[in-house]
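Inside the fold
What follows is each chain in one-letter form.
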Amino acid sequence: MSIRTIWAIHFTTLIALIIWSATDPAFETMVQMHSLADATSHVGLVRIAGFLFVVLLAVGSLIVLFMRLLGLAHSTAKHRSVRQLVAITTVIALWFSLAIHHDSISWQGKRVRFASRIDVLESIASPLRANWPERDGELSAIGPFMAYPFGNPTTLVLLQAPRITSQSVYVSAIERCPCGAIKLQLTGTDGGDWAEWHPPQSHPSSFVGGLSDPHELRASAPIGGGWYLVRYQAS
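Read on for an overview of the structure. Every value quoted in this text rests on a predicted model; they were computed, and no experiment measured them.

So, how was this worked out
Residues numbered from 1 in each chain as written. Predicted model: local features only at pLDDT ≥ 70, side-chain atom pairs only at ≥ 80, totals over all residues. Heavy atoms only, no water. Helix = DSSP H or I, 4+ residues; strand = E, 2+ residues; numbered from the N terminus. Rg over C-alpha atoms; globule rule 2.2 N^0.38 Å. Buried < 20%, exposed > 50% of the residue type's maximum accessible area, 1.4 Å probe, protein only. Areas by Shrake-Rupley, 256 points an atom, 1.4 Å probe, with all protein chains shown as cover. Lys, Arg positive; Asp, Glu negative; His and termini not counted. Charge placed at Lys NZ, Arg CZ, Asp CG, Glu CD. Patch = residues over 30% accessible without salt bridge, like charges linked within 9 Å, V, L, I, M, F, W, Y side chains within 5 Å. Salt bridge = Lys/Arg side-chain N within 4 Å of Asp/Glu carboxyl O. Pairing = 2+ DSSP bridges.

What to know about the overall build of the protein chain
- Tallying secondary structure elements over the protein chain gives six helices and ten strands in all.
- Expected size for 235 residues packed as a compact globule is a radius of gyration near 18 Å; at 24 Å, the protein chain overshoots this value by more than 25%.
- Across the 235 residues of the protein chain, 40% fall into the buried class.
- With the model as given, the accessible surface of the protein chain reaches about 12900 Å², and the carbon-plus-sulfur share is 62%.
- Across the protein chain, the mean location of the 17 positive side-chain charges is 17 Å away from that of the 15 negative side-chain charges.

Listed below in structure tokens is the structure:
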């Protein structure tokens, strides 16, 4: 096999993992699992097998490249060995960068996905901006809900979480802030974060929900139309 073919295989694995991390909602969950059994139960055996195949192919091709480099180092083609060494060093740096920043790549991919879902988010938030419920009830956009705290509710716990997309993304609860912001808590395959609409001069920040549950801001990204994709860490 020629050296160019080996390089092509190796770069293909690198690019494949970058694209995978940006487009697959389950990628971040998969790489954060502490055991193979946990990962398999959460994301499925097929996804794990595919990930292991790509990683083994990347490692195997890198080992072959190192062996070719050692062969060049003991030959008369010293200039070629230097170029190969620089190339391999660069590739290793790229792999380390992917390992460190894969969560950022996944986050930006999720941001792009939710930017295309603003119309659906608006269909849920718009009626609530105009008329926030004062008690338990039911609305066509969100179905039945319970309102907390009693008397002056700021949180709606949805009893039949409406689906945002065909990728099984649901809204499980809705928060309303004093500034008028509407915060949708997301669950499901591409969930785990919040989609928030904020009026002008308002931005995502840490808050305590209507159920006295604190949320510490970790990251936020605008997705258009006053909407943000927001990640919190429970305090």
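Looking at a nonpolar patch on the surface
- Together, Phe11, Ile15, Ile19 and Leu94 make up an exposed nonpolar region whose accessible area comes to about 350 Å².
- Mapped onto the elements of the fold, Phe11 is located in helix 1 (residues 3-23).
- Note on Phe11: relative accessible area 35%, which makes it partly exposed.

What about unusual backbone geometry?
- With an omega of -15°, the peptide bond running from Tyr148 to Pro149 counts as cis.
- Positionally, Pro149 belongs in the loop between strand 2 (143-148) and strand 3 (155-158).
- A positive phi angle, close to 70°, is found at Gln201, a residue other than glycine.
- Counting through the fold element by element, Gln201 comes out in the loop between strand 7 (194-197) and strand 8 (207-208).
- The exposure class assigned to Gln201 is exposed, which follows from its relative accessible area of 77%.
- Look at Ser212: it is not a glycine, yet its phi comes out positive at around 60°.
- With respect to the helices and strands, the residue Ser212 is situated in the loop between strand 8 and strand 9 (214-224).

What about the pairing of strand 7?
- Neither face of strand 7 is left uncovered, since the one carrying Trp194 and Glu196 and the one carrying Ala195 and Trp197 both have all their residues buried.
- Of the strand pairs in this sheet, strand 6 (residues 182-188) and strand 7 are connected by four bridges, and their pairing is antiparallel. Across the sheet, the residue bridging to Gln185 is Trp194, located in strand 7.
- What sits between strand 6 and strand 7 in their antiparallel hairpin is a turn of five residues, with Gly192 showing a positive phi close to 90°.

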